Every structure is written in C-alpha cells, then in structure tokens.
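Chain by chain, the residues run as shown.
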Amino acid sequence: MTGEKDIRCKMDPSNGLNRSLDIVPTTEEKMKDRGQWSNKLEFVLSVAGEIIGLGNVWRFPYLCYKNGGGAFFIPYLIFLATCGIPVFFLETALGQYTSEGGITCWRKISPLFEGVGYATQVIVALLNVYYIIVLAWGIFYLAFSFSSSLPWSSCNNTWNTDSCMEFQRRNKSFDQSHMENATSPVIEFWERRVLRISSGIDEIGELHWDMALCLLLAWILCYFCIWKGVKSTGKVVYFTATFPYVMLIILLIRGITLPGASRGIQFYLYPDLGRLADPQVWMDAGTQIFFSYAICLGCLTALGSYNKYNNNCYKDCLALCFLNSGTSFVAGFAIFSILGFMSFEQNVPISEVAESGPGLAFIAYPRAVSMMPFSPLWACFFFIMIVLLGLDSQFVCVESLVTAIVDMYPSTFRRKNRRELLILAVAIVSFLFGLIMLTEGGMYVFQLFDYYAASGMCLLFVAIFETVCIAWIYGADRFYDNIEDMIGYRPGPYMKYCWLFLTPSHLFCM
C-alpha cells in the first residue's frame, strides 16, 4: 500500500513540485488528433479545387467539338446521372462515415475489398508523379509571359529554324512549297524550347535543368499547401479554388468580345446527332466523367473523412457535381471564342486550330493570345489560371495519399513533425521520378503515364468493385442506414438503385 501511495504521489502534479513527474507520456497522449475541417466551406472549396482542374479547360470543350457539339451533352449527362454523381456521393459518404483514408475505409466496411483502396492509391501515386509536370510547363510559360513581346510570337529566337514563319505575315507572296514546309513560332517554342523533344522514347537525352527548377518550384508550392494537414489545406483553398474563376471570367469576357468568337462558339455547340451512333462518343463521355470528377482515386474519401459526422454530404455532393459540370460548360465558351478569333484572323477552318490536351493549353491558346492587343497581359492571366487549376488538384491528390498512409499507421505518423516528414518524403520521391519526363524524350514517358497510369479503364474497374462492394457485399440498405444516421434523413432511392444496377451495368457496357 505504501508503494502504491508513493507512485500516486510522484504522478500527482500537486505534490509540491508544481509539475508532473510523468516525463514519458502514454502513447495516446503523444498521438495527435486526426483533425477536421474548421467549417463546411473549407470542405466544399477543397473538393471543388480537386475536381475542377485542367480537364475542365482543355479536355471537355474539345470533346464537345469532336463528338458532335451539343449532341455530346446527351451521353455526358447520362453518364453523369448514372455513374458520376452516384460514385461521387458514395466515396464522399464513405469517408465521412468511417473517418478513414482511401485504404482503411474499405478495411472497416469489408476487409475482403481492401484491395480496392490499394488500387486507388497506386493510381493516385502515379498521378502525383506526372500531373505536376503540367504545372512545371505552366510555370515555365508564365515566366516567359512577363516580357514586352511573347517569345512564341516571333521567329527571331535562337531556337527557331529557317522554316519558321509567323502567321500574321502569311500572304500570297510565299510559294506553296514554302507554306507546306513552314512551322509556326508557337510550335517551335513548345517543341524546341520547352520540350526540346527527341525523335523517340529510345532517345531519352539530357535533363533540362530550367524545367527541373520549375518542377521543384511546383513541388515546393504543393508541399507548403498541405504540410500542416487540413489546417493549412483548408486555408489555402480559399485562394486556389476561387481565383481561377476570376481568371476564367476575365478570359470569357475578353473572348466573346473578339471578332470571330461566334464562329468558335458555333463549332463548340452545333449539334450533330449522327455522331451519337459512334461508340467512341459514348466512351469519351464516360471517361470524361471519371477524369473530371476525380472518382476512384481515394481523394473524395480522404476529403470527406475530415468532415464532421453530421455534415450533410448529400447536398454538398449534388452542389459540387453541378458546379463542376457547369464550369466545364462555361470554360468551353472561353476557349472556343478564342479559337474562333484565331480561325477568323488566319482565315482557316477551326478544325485546324482546335487542339486537345496539352496542345490546347500550350499551342493553340498561346498562339491566339499572341494575336491580341496587350498579349503579355492575357498570357499571364491564362497561365496563372492553368497553374492554380493544376495546383489544388495536385496537392489534394498528395493529401489523399498521405492520409491513406497515416491512417494505416497512426501510431507512427500522428506524432510531432512525423506527418510533415512523410509529405516531404512523398514530394522528394515523386519529384525524382518526375525528372525523367523533363528530358528530351520525357514527353513520350509523360504520354505513357497519361494513357495507362490513370486511364479510363483503370478507373472503370475500380468503380465497378466499389459499387459491388457497397451495394451487394456491405448492403445498399445498410449503407443508406449509415447515411441517414449522419445527415438525419434518408436520400431518395435513386442513388441506391444506381449502386445496385445502373452504375455497374453502364460501366460493364463501356
């Protein structure tokens, strides 16, 4: 008894020493709290920043034009209603209910399907390596935009060839053979200054150190956006998720006031219902939903896991889905009004100036900007928008991967400075792997990653297993009970029937 009394005395802060003698705290005391969003707006802006990215600006408008204009909205809206919104809500609600990251959430729901979580994190780890390369390109272009004359608007640079010809100077005095062999200064800037591309993937060549510095800057920005977890992420998104909308509105107003803008908008929206008979149109619509809604990456689960348990994630998801698709639609007007102006100025069909993917952001749009008055100003606006759109998508993907790892090993990483070191390790490893894409043959490696790492087929299989696990293994009604416990009411039966029948059937058809 005396020994027990002595122990109690030593552990009691009021024993006359004015401090506790328990120098080594217990494991529970040393582990940090997981953290939550300070308010609903931080969650909404974080998700908006993740799902509203480069695909809204450079992929959706081109797919509309390519696949029948306004007719493309028919398959797009069908896949949105049957696949996009149901899976988006499923992943967000799963994260909020379990308060776990992209792997341990499935361990709680159904350990048999924990591999689904590992699949999402493998995809997002690969995505972290190559997606940020676009930010490096954007930073590189932005740096060159702070000049009195844009370097891709003329042929008077060291990287230009003898066949370079400025579009504004094309006239009938050039013979036809010279016209056929000519290249534009914007293409030469992209291929010979930015990429310095080799003839094939078998010629990797040298590392471009100026581009490597741009990549390093992108990773530094990404790291400090999330290094303190949701405390820092929730504050950063107030700027990164909203400022691109300011830029988009400015570019939209400028675009629709240019001559020839109506030509571009007509090509963007003119419906060609005959294209709906092409299966590729439906495939493009389905894959666009997966890309633009960031489903099957574990990101939505990670972001939802930081919600308060009683947050109404159902209304949040519906609002975010409509915001995402609405942004894609409006971005089409901003982009194709500019392309219509370029088509008008060059007197060529718009099909010759419309590009997809990086070609739209780094060839077509810079070419159009170079034709405008005060072109450096509009170039700065555009590339600031590109960098910010890509930045919040990037750091949320990194946050998703880190959250999954921390939740798997909480006793290891929820300690002082451990999480920050983990994020630093992820950033350094991803940076080193990404350097190969900044070599002379790096563009070919980038295209391999883009086509296979986070391809529609990978995401499709993950979505099938997710819906089968929730609807048929765990139970759709049981999951609806969990949702009711969180938000206070039971959503309509539509989501449940999508998880059970519509979503898997549509994905199998793809």
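How each quantity is defined
- Residues numbered from 1 in each chain as written.
- Predicted model: local features only at pLDDT ≥ 70, side-chain atom pairs only at ≥ 80, totals over all residues.
- Heavy atoms only, no water.
- Helix = DSSP H or I, 4+ residues; strand = E, 2+ residues; numbered from the N terminus.
- Buried < 20%, exposed > 50% of the residue type's maximum accessible area, 1.4 Å probe, protein only.
- Contact = heavy atoms within 4.5 Å.
- Disulfide = S-S within 2.5 Å.
- Core = buried A, V, L, I, M, F, W, Y, C linked by side-chain atoms within 4.5 Å.
- Patch = residues over 30% accessible without salt bridge, like charges linked within 9 Å, V, L, I, M, F, W, Y side chains within 5 Å.
- Areas by Shrake-Rupley, 256 points an atom, 1.4 Å probe, with all protein chains shown as cover.
- Salt bridge = Lys/Arg side-chain N within 4 Å of Asp/Glu carboxyl O.
- Expected span 1.5 Å × (residues − 1).
- Phe/Tyr/Trp six-rings, centres within 6.5 Å; stacked < 30°, edge-to-face > 60°.
- Lys NZ or Arg CZ within 6 Å of the ring centre and 35° of its normal.

Here we look at the side chain of serine 110
Tracing the backbone shows serine 110 in the loop between helix H7 (104–109) and helix H8 (114–145). We classify serine 110 as buried; its relative accessible area is 7%. What serine 110 contacts, discounting residues up to four positions off in sequence, is Cys469 and Ile473.

Details of the state of the cysteines
The tally for this structure, following the rule as stated, stands at 1 disulfide. Paired by a disulfide, cysteine 155 and cysteine 164 hold their sulfur atoms 2.0 Å apart. Across the S-S bond of cysteine 155 and cysteine 164 the torsion is about -75°, and the bridge reads as left-handed. Exposure class is identical for cysteine 155 and cysteine 164. Each is buried. No disulfide involves cysteine 317; its sulfur sits 5.6 Å from the nearest other cysteine sulfur, which is in cysteine 313. Take cysteine 317: its relative accessible area is 1%, and that puts it in the buried class.

Here's the deal with the nonpolar core
By size, the foremost hydrophobic cluster in this structure holds 168 residues, and its most contacted members are Phe88, Trp137, Leu339 and Trp499. Here the element with the most residues in this core is helix H19 (residues 375–408); it accounts for 18 residues. Those residues in contact with phenylalanine 88 that sit more than four places away from it in its chain are Val47, Ile51, Tyr293, Ile295, Leu300, Cys317, Leu320 and Cys321.

Some details on a nonpolar patch on the surface
Where nonpolar side chains cluster on the molecular surface, the patch consists of Trp472, Ile473, Tyr494, Tyr497, Phe501 and Leu502 and spans about 620 Å² of accessible area. For the nonpolar patch, the elements supplying multiple residues, two or more each, are helix H23 (456–487) and helix H24 (494–509). With 4 residues, the single largest contributor to the nonpolar patch is H24. Of note, tryptophan 472 is situated in helix H23.

Quick word on unusual backbone geometry
For residues besides glycine, phi is generally negative; the peptide bonds are generally trans as well. Here the phi dihedral of alanine 294 falls at roughly 55°; this positive angle occurs in a residue that is not glycine. Of note, alanine 294 is situated in the loop between helix H15 (279–292) and helix H16 (299–304). The backbone of phenylalanine 374 shows a phi angle near 55°, a positive value even though the residue is not glycine. Tracing the sequence through the fold places phenylalanine 374 in the loop between helix H18 (358–370) and H19. Looking at phenylalanine 374, the relative accessible area reads 68%, which means it is exposed.

Topic: the side chain of asparagine 324
Checked against the element boundaries, asparagine 324 lands in helix H17 (residues 313–346). When residues no more than four places from it in sequence are discounted, the contact partners of asparagine 324 are Ile51, Ile52, Asn56, Ser292 and Tyr293.

Notes on the pattern of salt bridges
Applying the stated criterion across every chain, the model contains 16 salt bridges. We note a salt bridge from arginine 275 to aspartate 278, for which the minimum N-O separation is 3.1 Å. Under the relative-accessibility criterion, arginine 275 is labelled partly exposed at 23%. Taking the relative accessible area as the measure of exposure, aspartate 278 reaches 27% and is therefore partly exposed. Between arginine 490 and glutamate 484 there is a salt bridge; the shortest N-O distance is 3.2 Å. Residue classification places arginine 490 among the partly exposed residues on the basis of a relative accessible area of 34%. Residues participating in the shared-partner salt-bridge network are Asp477, Asp481, Glu484, Arg490 and Lys496.

Overview of H19
The terminal C-alpha atoms of H19, which comprises 34 residues, lie 50 Å apart, in line with the 50 Å expected from a rise of 1.5 Å per residue. In terms of residue burial, H19 counts as a mostly covered element, since 30 of its 34 residues are buried.

Let's talk about the packing of aromatic side chains
Following the criterion strictly, the structure yields 49 aromatic pairs and no others. Between tyrosine 97 and tyrosine 309 the ring centres are 6.3 Å apart and the planes differ by 40°, which places this aromatic pair in the tilted class. Taken together, the residues tyrosine 97 in helix H6 (residues 73–98) and tyrosine 309 in the loop between H16 and H17 connect sequence positions 212 residues apart. Centre to centre, the rings of tyrosine 314 and tyrosine 489 are 6.4 Å apart; their planes meet at 80°, and the pair counts as edge-to-face. Residue tyrosine 314 is located in helix H17, and its partner tyrosine 489 is located in the loop between H23 and H24; the two are separated by 175 residues in the primary sequence. Lysine 496 extends its terminal NZ or CZ atom over the ring of tyrosine 480, reaching a point 5.9 Å from the ring centre. It is lysine 496 that lies over the ring of tyrosine 497; its NZ or CZ is 5.4 Å from the centre.

Purely spatial values, then, with no claim about function.
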